[in-house]
Amino acid sequence: MRRTLAALMALALCLSLTACGHFVSLMPGDASAADRTGDAARTPEPEDVFREQDLFTFLRWSDFAANYYDDTPVALSIRTDEGGFASPVFDRISIIAACDALRTMTVTGRAGEAPAAGGTTYTFTMDNGSMYVITFVNGCLSLSTGLYTVTGGDGLFGMAFPGYGGDFDVFDLYFSDTVRAFADNFDVNTPVSIGRRSNGGATLASRDPAVVRHVFDLLANASVVRVEDSPDQNIDLTQTTDYIFTMPDESYVTFTFTGPCLAVTASADYGPVYYWLDGVDELPSVTILPESTVPTFSGGAIAGMREDIGQAQAAANGQLEGITVLGVYVDYNIQGQHGYLTLDGDTANAFIQQVTSINAAAETTAPIGDDITVFVTLSDQSGPIIVFTGDTVQQMVGTNHACDVNAMANLRTTIMTLAQDERNIGQVIGSSTG
């Protein structure tokens, strides 16, 4: 009787377990498809019962397969052994084509053990930051469980990525119809000026067509060498230079370099990509300053040394109708103290008045000593860059005039006071000892 009762209880327990709904494995290492990698999304089958399957079924990427037309990845990147960097593309047509290529692939069997590392890895990045990752080694799908032979997928393997071949120029990296049209129509819709802005300071602009063309040609003829994989370690993210083309309709097309790399944000969800380029070494040395604004200087206040400096002084004094001072950015290195100031309002106006009133001699002299660079931004997006080295001021590259020594001492005192005064914390955005 007891044996019969025990058997009935065991049968009842078994039936209750099979009636509980979906089975949930409690075994360790049984990763779910939500992990979204080819390795984690599938449970391998023993070799002797391997069944040929389409790739999406094999990887358990059914959700991805069902939704990639509507929920398209924002980026597809490639990384190879040879290059060693991840290079993305962002256009929907190419990404959809890659997904379609995966749909044509069939996993036909096992091909041996997977290598510890290497191969070509494709990463599909979604707008929420999640990723679908798949790796191929010598044409085989590579998972930690082994190599698997596949057929199909030619559309994926034939794709081009910046730095890995293909006809990509600088303008293609933006994956933007606006930037592409800017390049293609340059001769018809030529920009009226080119400006250069360092670290968010003032924009020094030239309307000389030859200078505009020269900067454009340098960008147009540049080539992509590679993508920087570790920008926070290998480039200075605090140093930026913008090259700003102003169009006839007063719109802007801007190309930004962070350190030595072109920084492109083609997708806000993916973030900036930093490209090492070949052919742009000359860009920083291009003189973006109209010769007409650099007359012979006969001495006096430096407001009279250049037209753009005089305009900044007039704006600070409220003498230009409709044009005001938006702000002043100061990059200084004074007696080993290196820092940055951002000034606005009355403080900016007073600083400009002090700087532009400094007297300088007519004779030129060699620049030696501390470095102070003042970037002024006016409300019409113009504004001078005033460079001091020691007790000299630069009229143009290669031409420096000696300044009044006492006035320069006062300027240094003003800068250091602003940097140290906690009451100006809203105006002093950063100061460091270097």
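Please read all numbers here as calculations on a predicted model, not as lab measurements. (Residues numbered from 1 in each chain as written. Predicted model: local features only at pLDDT ≥ 70, side-chain atom pairs only at ≥ 80, totals over all residues. Heavy atoms only, no water.)

> Help me understand the sheet that holds strand β11 (residues 223-227) in this model?
Across a sheet, paired strands are connected by hydrogen bonds in the backbone, their directions being either parallel or antiparallel. Ordered by their spatial adjacency, seven strands build an open sheet running β10-β9-β12-β13-β14-β15-β11, and the pairing between neighbours is antiparallel. Of all strands in the sheet, those bounded by a partner on one side alone are β10 (203-206) and β11. Between one strand axis and the next, the sheet turns through 30 degrees on average, direction left out of account. Here β11 runs beside strand β15 (residues 273-278); their pairing, made up of four bridges, is antiparallel. Bridge pairing links V227 to Y275 in β15. (Pairing = 2+ DSSP bridges. Helix = DSSP H or I, 4+ residues; strand = E, 2+ residues; numbered from the N terminus. Axes fitted to C-alpha atoms, helices over the stretch in contact; angles between N-to-C directions.)

> I'm lost on the packing of aromatic side chains in this one. Help?
Two measures describe an aromatic ring pair: the distance that separates the ring centres and the angle between the ring planes. This structure, assessed with the given rule, holds 29 aromatic pairs. Between F90 and Y270, the ring centres sit 5.2 Å apart and the planes meet at 85 degrees, which makes this aromatic pair edge-to-face. One end of the pair, F90, is in the loop between β3 (87-89) and α4 (92-103); the other, Y270, is in the loop between β14 (261-264) and β15, and 180 residues separate them in sequence. Judged by its relative accessible area of 11%, F90 falls in the buried class. Judged by relative accessible area, Y270 falls into the partly exposed class, the value being 29%. (Phe/Tyr/Trp six-rings, centres within 6.5 Å; stacked < 30°, edge-to-face > 60°. Buried < 20%, exposed > 50% of the residue type's maximum accessible area, 1.4 Å probe, protein only.)

> Can you help me understand the environment of N199 in this one?
As for its placement among the helices and strands, N199 is situated in the loop between β9 (193-198) and β10. For the pair N199 and D331, spaced 132 residues apart in sequence, the C-alpha to C-alpha distance is 9.1 Å. Setting aside residues no more than four positions away along its own chain, N199 makes contact with T238, Q239, T240, Y329 and D331. Within the structure, the side chain of N199 is placed 3.2 Å from the side chain of Q239, a separation counted as a polar contact. (Contact = heavy atoms within 4.5 Å. Polar contact = N/O pair within 3.5 Å; in protein donor to acceptor, adjacent residues only side chain to side chain.)

> Could you clarify how one ought to interpret helix α10 (residues 345-356) in this entry?
Residues that lie three or four places apart on an α-helix share one face, since the helix turns once every 3.6 residues. If you check α10, its first and last C-alpha atoms are 17 Å apart, about what 12 residues at 1.5 Å a residue would give, namely 16 Å. Inspection of α10 places A348, N349, F351, I352, V355 and T356 among the buried residues, and these make up the whole buried set. For α10, the arc enclosing every buried residue in end-on projection is 165 degrees, short of the 170-degree limit, so these residues lie on one face. (Expected span 1.5 Å × (residues − 1). Arc of directions from axis to C-beta.)

> Before we go on, may I ask you to explain helix α9 (residues 307-316) in this structure?
Within the sequence span of α9, burial applies to D308, I309, A312, A314, A315 and A316. Against the buried residues of α9 lie β10, β17 (325-334), α10, β20 (371-378) and β21 (385-389). Looking one or two places after α9, you find G318, whose phi comes out positive at around 75 degrees.

> Teacher, can you tell me more about the pattern of salt bridges here?
Note on pairing: side chains with opposite charge can pair once their charged atoms come close. Summed over the entire model, instances satisfying the criterion amount to 12 salt bridges. Across the pair R180 and D169 runs a salt bridge whose closest N-O atoms are separated by 3.1 Å. Highlighted residues: R180 in helix α6 (residues 177-184) and D169 in the loop between α5 (154-157) and α6, separated in sequence by 11 residues. Assessed through its relative accessible area of 24%, R180 is described here as partly exposed. (Salt bridge = Lys/Arg side-chain N within 4 Å of Asp/Glu carboxyl O.)

> Any chance you could explain the pairing of β14 here in plain terms?
Two faces belong to every sheet, and in a regular strand the side chains alternate between them. The alternating pattern of β14 places C261 and A263 on one face and L262 and V264 on the opposite face, and all of these are buried. As judged from the three bridges shared by strand β13 (residues 252-258) and β14, these two strands associate in the antiparallel manner. What sits directly across from T256, in β14, is A263. Linking β13 back to β14 in an antiparallel pair, the connection comprises two residues, with G259 at a positive phi of about 60 degrees. The pairing of β14 with β15 spans three bridges and is antiparallel. Looking across to β15, one finds that A263 is bridged to Y274.

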